[in-house]
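One-letter residues, chain by chain:
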Amino acid sequence: MTVAGPTFDLVVAANGLPVERVLDASGEGTWEPSPGGLVSAMESVMEGRKAAWVGWAGESGRAPEPFHQGDLYLRPVGLTSAEIAEYYEGFSNDTLWPIYHDVIVPASFHRNWWNTYRTVNHRFAQVIAEVAAPGATVWVHDYQLQLVPAMLRAIRPDLRIGWFNHIPFPPVELFAQLPWRRALVEGVLGADFLGFQRTADAANFLRVCRRLLGMSTKGDTVTFTPPGDDPARRTVRASALPISVDFQGLSALAATPAVIARAAEIRASLGAPEILLLGVDRLDYTKGIRQRLKAYEELLRDKAIAPPEVTLMQVALPNRERVDAYRFLREEVERTVGRINGEYSVLGSPAIHYLHRSYPREEMAAMFVAADIMLVTPLRDGMNLVAKEYVTCRNDLGGALVLSEFTGAWHELHQAFICNPHDIEGVKLTIMRAINAPEDERRRRMKAMRKRVADNDVQRWSSLYLDSLASAPLKPHRRSRVSDKELREAERANRANLRASDRAAERIGG
Ligand code: G6P
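The rules behind each value
Residues numbered from 1 in each chain as written. Predicted model: local features only at pLDDT ≥ 70, side-chain atom pairs only at ≥ 80, totals over all residues. Heavy atoms only, no water. Near = heavy atom within 4 Å. Polar contact = N/O pair within 3.5 Å; in protein donor to acceptor, adjacent residues only side chain to side chain. Areas by Shrake-Rupley, 256 points an atom, 1.4 Å probe, with all protein chains shown as cover. Helix = DSSP H or I, 4+ residues; strand = E, 2+ residues; numbered from the N terminus. Nonpolar A, V, L, I, M, F, W, Y, C, P; charged D, E, K, R; others polar. Salt bridge = Lys/Arg side-chain N within 4 Å of Asp/Glu carboxyl O. Buried < 20%, exposed > 50% of the residue type's maximum accessible area, 1.4 Å probe, protein only. Contact = heavy atoms within 4.5 Å. Core = buried A, V, L, I, M, F, W, Y, C linked by side-chain atoms within 4.5 Å. Domains from an automatic or database assignment. Axes fitted to C-alpha atoms, helices over the stretch in contact; angles between N-to-C directions. Parallel < 35°, antiparallel > 145°, perpendicular 65-115°, else oblique. Phe/Tyr/Trp six-rings, centres within 6.5 Å; stacked < 30°, edge-to-face > 60°. Pairing = 2+ DSSP bridges. Left-handed = near helix turned anticlockwise from the far one by under 90°. Buried area = accessible area lost by both parts, 1.4 Å probe.

Section: the site of the ligand
Inference 1: The full set close to the ligand counts 13 residues, and Tyr-88, Asp-142, Gln-144, Asn-319 and Arg-320 are the nearest of them.
Inference 2: Tyr-88 is positioned such that a nitrogen or oxygen atom in its side chain is 2.5 Å from an oxygen atom of the ligand.
Inference 3: For the ligand, the protein covers 85% of the area, taking 380 Å² as the surface of the free molecule.
Inference 4: Elements that contribute at least two residues to the shell around the ligand include exactly α1 (37–46) and α2 (81–100).
Inference 5: Residue composition of the shell around the ligand, by class: five nonpolar, five polar and three charged.

Here you go:
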């Protein structure tokens, strides 16, 4: 007989727990925060709430015993090593991830991966059903758990279920490639409310429902008859609610004397450059690291910049290393960094400081405070919270953000220095424009971006999300939370920005 464990009114489910076990030199395991935007955003939202978090603990084999972290009850889900290979590395990160990110690398389709994805999603649904109190709210996160909403509804129809997609939702033409497209859509439609990062993602999802599954959509809702025995028609809303950061907490951390002193120390230890460029990314092919390095290398070659006056610090957070595309990327990035350093470093001043490891939050904040130019140049990114973290840390209104127009963050931070990461010439010019911009222009831009993030922080995001979930389903809204008008304004501002960028380019001599 199993002993019933505690139950909760709020349950969060994500592929991973917010912590993962890291072995230190002596072989002792300690729990460290997991990498990625999802965890950094959800952590502050969950702080102080009596809630459960269901997720994989990052190792193969039996799940560790549930444990508490503050008020949060962490309930690990066990995965065998075959399940890790097929559900996590395979279907989630080698099938869905490439399809959802514009097929930057080709996607692999394997029926056994799909079967394992189903099995693991079902296990998650069962574990959630165990820890959810009657009538509880369950917030399911991301592409790894798309079947959970419908599976959970079948076991526990009393629950209120939400799903939020942290990554882009692809255009119908790409999504259509998935042999399991219908099951994936029907899986998420088990939820009462669906959240996406951008209006375009929600629109892509609704288009998929209409075009591929013949469902009827109106405004931001889809109405359909679920498969199975229950003939009742259901209406589900799909809205854009862009995720954010804990503005107050992070800007307060960045303002502490310890972080400010550490920022100065970082600059000193890099040889006190006049201009410090910084990149911080999970080592992922979506992040545009190759293109960024190419642009940087050409600027060195053209003698537009040179160490020791200018240097680049590139932090690459280790991630998904058993997936081939990630392994190949690491090899290529490290070869390129080696070549650039061999060619352009001067004694005591490397052209690139490359760090393949993760850092505690305080150290990241100090890097952000230290950096003059932050390079966020993904080829495709659902949001990119590093961009928002950087502006949050700049209490001094210093620094400048170079931002790819293919990030979710671009839709909000249109005062950044915008670039198209595929356009190497454009990236070079944008970097130079950011370097050469007058201080008052940089401060004006930073101030506007900080206001945007402060007004739309992660606390606001989560309360909007949970309110929408609590009141779902409502009558169709003609507009998502981020209105078309807001989007049009952002796009107008961006066009002006891009024109200014072109004019500056002409002045620089491009
Ligand atoms: C992105 C995804 C998250 C994921 C994170 C880290 O932010 O949206 O779902 O957790 O990357 O990736 P990993 O594979 O290490 O969980």
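Picking up after the structure, the text goes on.
A short note on the pattern of salt bridges
Inference 1: The tally for this structure, following the rule as stated, stands at 37 salt bridges.
Inference 2: The partner of Glu-59 in a salt bridge is Arg-21, with the nearest N and O atoms 3.4 Å apart. With a gap of 38 residues between them, Glu-59 in strand β4 (residues 51–60) and Arg-21 in strand β2 (residues 19–23) connect regions that are remote in the sequence.
Inference 3: You can call Arg-21 partly exposed: its relative accessible area is 33%.
Inference 4: In this structure, Arg-301 engages Glu-298 in a salt bridge whose closest nitrogen and oxygen atoms are separated by 3.9 Å. Residue Arg-301 and its partner Glu-298 are located together in helix α10 (residues 289–301), separated by three residues, close to a single helical turn.
Inference 5: Connected through shared salt-bridge partners, Lys-294, Glu-298, Arg-301, Asp-302, Glu-425 and Lys-428 make up one network.

Overview of the side chain of Arg-75
Inference 1: Note on placement: Arg-75 falls in strand β6 (residues 72–79).
Inference 2: The exposure class of Arg-75 is buried, given its relative accessible area of 16%.
Inference 3: Apart from residues lying up to four places away in sequence, Arg-75 is in contact with Leu-17, Trp-53, Val-54, Gly-55, Pro-66, Val-127, Glu-130 and Val-131.

Details of the nonpolar core
Side chains of nonpolar character tend, in soluble globular proteins, to be buried together.
Inference 1: Grouped together as the largest cluster of nonpolar side chains are 103 residues, with contacts concentrated most on Leu-189, Leu-194 and Phe-205.
Inference 2: Broken down by element, the residue count for this core peaks at 10 residues, all from helix α3 (residues 111–131).
Inference 3: Looking at which domains feed residues into this core, each of domain 1 (8–243) and domain 2 (247–455) gives three or more.
Inference 4: With 73 residues, the next largest nonpolar core counts Phe-164, Ala-370, Ala-416 and Trp-461 among its residues.

A look at the packing of α10 against helix α11 (residues 324–344)
Inference 1: At a minimum axis separation of 11 Å, α10 and α11 run at an interaxial angle of 10°. As summarised for this structure, α10 and α11 are arranged roughly parallel, according to the angle between their axes. On the side of α10, the interface is formed by Ile-289, Arg-290, Leu-293, Glu-297, Leu-300 and Arg-301, while α11 contributes Leu-329, Glu-332, Val-333, Thr-336, Val-337, Arg-339, Ile-340 and Tyr-344.
Inference 2: Its residues assigned to classes, the contact of α10 with α11 shows eight nonpolar, one polar and five charged.

Some words on the packing of aromatic side chains
Inference 1: Taken as a whole, this structure holds 26 aromatic pairs when the rule is applied.
Inference 2: With a centroid separation of 5.4 Å and 55° between ring planes, the pair formed by Trp-97 and Tyr-143 is classed as tilted. Of this pair, Trp-97 sits in helix α2 while Tyr-143 is found in the loop between β7 (132–141) and α4 (148–155), placing the two residues 46 residues apart along the sequence. As far as burial versus exposure is concerned, Trp-97 and Tyr-143 are alike and both buried.
Inference 3: Summarising the aromatic geometry, the rings of Tyr-100 and Phe-169 are spaced 5.3 Å apart at their centres and angled 65° between planes, so their arrangement reads as edge-to-face. Placement of Tyr-100 in helix α2 and of Phe-169 in the loop between β8 (160–164) and α5 (172–175) is noted, with a sequence separation of 69 residues between them. Taken as a pair, Tyr-100 and Phe-169 share a single burial class, namely buried.

Here's the deal with unusual backbone geometry
Inference 1: The amide bond that connects Pro-307 to the next residue, Pro-308, takes the cis arrangement and shows omega of 10°.
Inference 2: As for its placement among the helices and strands, Pro-308 is situated in the loop between α10 and β14 (310–317).
Inference 3: You will see that Ala-272, though not glycine, has its phi angle at about 45°, which is positive.
Inference 4: Tracing the backbone shows Ala-272 in the loop between α9 (257–269) and β13 (275–282).
Inference 5: Unusually for a residue other than glycine, Arg-320 sits at a positive phi of about 45°.
Inference 6: Positionally, Arg-320 belongs in the loop between β14 and α11.
Inference 7: A relative accessible area of 12% places Arg-320 in the buried class.

Focus on the sheet that holds strand β16 (residues 373–376)
Inference 1: With parallel pairing, six strands are arranged side by side in an open sheet as β15-β14-β13-β16-β17-β18. Single-partner strands in this sheet number two, and they are β15 (352–355) and β18 (417–419). When the angles between neighbouring strand axes are averaged without regard to direction, this sheet yields 20°.
Inference 2: In the sheet, β14 pairs with β15 via four bridges, with the strands oriented parallel. Across the sheet, Leu-312 pairs through a bridge with Ile-352, a residue of β15.

Some details on the packing of α9 against helix α12 (residues 361–370)
Inference 1: Following both chains from N to C, one finds α9 and α12 inclined at 65°, their axes separated by 8 Å at the closest point. Our pair here, α9 against α12, has a crossing hand that is right-handed. Of α12, the residues touching α9 (which contributes Val-259, Arg-262, Ala-263, Ile-266 and Arg-267) are Glu-362, Glu-363, Ala-365, Ala-366, Met-367, Val-369 and Ala-370.
Inference 2: For the contact of α9 with α12, the class distribution of residues is eight nonpolar, no polar and four charged.

Points about the environment of Tyr-143
Inference 1: On the basis of relative accessibility, which here comes to 1%, the residue Tyr-143 falls in the buried class.
Inference 2: Note: C-alpha distance between Tyr-143 and Arg-322 (179 residues apart in sequence) is 19 Å.
Inference 3: Filtering out sequence-adjacent residues up to four positions away, Tyr-143 remains in contact with Ser-92, Asn-93, Leu-96, Trp-97, Tyr-100, Tyr-117, Trp-163, Asn-165, Ile-167 and Arg-320.

Overview of the domain arrangement of the protein chain
Inference 1: According to the domain assignment, the protein chain consists of domain 1 (8–243), domain 2 (247–455) and domain 3 (479–510).
Inference 2: Distance from the C-alpha centre of domain 1 to the C-alpha centre of domain 2: 30 Å.
Inference 3: Contacts between domain 1 and domain 2 engage 25 residues on the former and 22 residues on the latter.
Inference 4: Summed over both sides, the interface of domain 1 with domain 2 buries roughly 2,000 Å², with 60% coming from carbon and sulfur.
Inference 5: Per-residue buried area on domain 1 facing domain 2 is highest for Trp-97, Ile-104 and Arg-198; these three make up 27% of the total on that side.

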